[in-house]
Amino acid sequence: MRPILMKGHERPLTFLKYNREGDLLFSCAKDHTPTVWFADNGERLGTYRGHNGAVWSCDVSRDSMRLITGSADQTAKLWNVQNGSQLFTFSFDSPARSVDFSVGDKLAVITTDPFMEVLSAIHVKRIARDPADQSGESVLILRGHQGRINRAVWGPLNKTIISAGEDSIIRVWDSETGKLLKESDKESGHKKTITSLTMAADGSHFVTGSQDKSAKLWDSRTLTLLKTYVTERPVNAVAMSPLLDHVVLGGGQDASSVTMTDHRAGKFEAKFYDKILQEEIGGVKGHFGPINALAFNPDGKSFSSGGEDGYVRLHHFDPDYFNIKI
């Protein structure tokens, strides 16, 4: 499994997202410029220019026509995927962090950071079919998190919004009324900041990664804790294989403390765990710094990782990977 090294970003990676077909890979970084790549050979297709700050996350519509990005420049932008043009800009009073299209792409959920007197919030925006009809108004604004909300995603059938962040509590909200439905249990839940949250392809469960050096698997509807994966370093990114019962964790020390260690000591690797047995089954080394982003191709035959080192590494699995009997 020889990785393809994709160099295009000048700053650390923050997020990776494949489109539904799995032929395109979108990457976000702190260098203001989201980038799209061919997912099979790692060739850079183009960039989306217009943000004026770090870009924290992105999502792509089901038909691969629209891209949405959230940035520290206090905006979220809608883009035309094919020609890179900006279709619309949502403006906020604080940095926009997490973005996620609903099933059907008619809505988007955007989180904004706490900033000065502004509290963190979750905004639901209606996405118009025609960009000319697009409005910046929020359909719903949810508040209740303490500190930053690192991720908010749509639950099954768009009925709920699931959010998590610095206060280490996962919250489930009714997406119609904005009512808080559930909170994760403090005893069984994460003990430190939740850095990442990834939904399974079928929406039935999701996995969270935290600075408490663990990842946890949860039931989307009941918020029951199903599994815990323990590792020895803070987890910045999590991904689930759509094909096999594998969970991948990526992380490492905080960027500020990286210089204290020999790069060989960290050997910032993506660790594979058996989803059911909760055991570590392997690792993929390569990045010279913490892994900040992970994503599986929807076909399950490749995955990519993005690091503090500014590289995206694209790994195509060997055929024998699929014959692993644990």
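Above this text you will find the structure in question.
**Student:** I would appreciate a short explanation of the pairing of strand β25 (residues 280-287) in the present structure.
**Tutor:** Remark: a regular strand shows side chains that alternate across the two faces of the sheet. Pairing of strand β24 (residues 268-274) with β25, which is carried by five bridges, proceeds in the antiparallel orientation. Bridging across to β25, Y273 finds its partner in E280. In this antiparallel pair of consecutive strands, β24 and β25, the connection spans five residues, and Q278 shows a positive phi of 65°.

**Student:** Looking at this structure, I do not really get the side chain of N297. What am I missing?
**Tutor:** If you trace the backbone, N297 turns up in the loop between β26 (291-296) and β27 (302-307). A residue is classified by how much of its surface remains accessible, and N297, at 4% relative accessible area, is buried. Looking at N297, its side chain comes within polar contact range of the main-chain oxygen of G22, at 2.9 Å. If we ignore the near neighbours within four places in the chain, the residues touching N297 are Y18, G22, A39, P242, S302 and F303.

**Student:** For this particular structure, what's the right way to read the sheet that holds strand β11 (residues 107-112)?
**Tutor:** Across a sheet, strands are paired by hydrogen bonds formed along the backbone, either parallel or antiparallel in direction. An order of β10-β11-β12-β13 is seen for the four strands of this open sheet, with the pairing classed as antiparallel. Each edge of the open sheet carries a strand with a single partner, namely β10 (96-101) and β13 (138-142). Ignoring strand direction, the axes of neighbouring strands in this sheet form an average angle of 20°.

**Student:** Would you mind showing me how to read unusual backbone geometry here?
**Tutor:** With the exception of glycine, the majority of residues adopt a negative phi angle, and the majority of peptide bonds are in the trans configuration. For Q74, which is not glycine, the phi dihedral falls at a positive 70°. Considering the arrangement of structural elements, one finds Q74 in the loop between β7 (66-71) and β8 (75-80). One non-glycine residue, L223, lies in the positive phi region at around 60°. Residue placement: L223 occurs in the loop between β20 (214-219) and β21 (225-230). The buried category is assigned to L223, whose relative accessible area is 8%.

**Student:** Looking at this model, I keep getting lost on the environment of R129. Mind explaining?
**Tutor:** Topologically, R129 is positioned in the loop between β12 (121-126) and β13. Using a relative accessible area of 75% as the deciding quantity, one classes R129 as exposed. Along the primary structure R129 and K106 are separated by 23 residues, whereas in three dimensions their C-alpha atoms are 7.7 Å apart.

**Student:** Even after reading the chapter, I still don't get the pattern of salt bridges, so can you show me in this structure?
**Tutor:** Opposite charge on two side chains makes pairing possible when the charged atoms of those side chains draw close. Within this structure, the stated rule accounts for 10 salt bridges. Note that R171 and E183 form a salt bridge whose closest N and O atoms lie 3.2 Å from each other. Note that R171 is positioned in strand β16 (residues 171-174) and E183 in strand β17 (residues 180-183), a separation of 12 residues in sequence. Take R171: its relative accessible area is 5%, and that puts it in the buried class. A salt bridge links K285 to E269; its shortest N-O distance comes to 3.8 Å. Placement of the pair is K285 in strand β25 and E269 in strand β24, with a sequence separation of 16 residues. The class for K285 is partly exposed, based on a relative accessible area of 48%. Overall, E269 belongs to the buried group, its relative accessible area being 14%. Put simply, E232, R233, E269, K271, E280 and K285 are held in one network by salt bridges that share partners.

Calculation notes
Residues numbered from 1 in each chain as written. Predicted model: local features only at pLDDT ≥ 70, side-chain atom pairs only at ≥ 80, totals over all residues. Heavy atoms only, no water. Pairing = 2+ DSSP bridges. Helix = DSSP H or I, 4+ residues; strand = E, 2+ residues; numbered from the N terminus. Buried < 20%, exposed > 50% of the residue type's maximum accessible area, 1.4 Å probe, protein only. Polar contact = N/O pair within 3.5 Å; in protein donor to acceptor, adjacent residues only side chain to side chain. Contact = heavy atoms within 4.5 Å. Axes fitted to C-alpha atoms, helices over the stretch in contact; angles between N-to-C directions. Salt bridge = Lys/Arg side-chain N within 4 Å of Asp/Glu carboxyl O.

Fair warning: the whole summary comes from geometry, so function is off the table for now.
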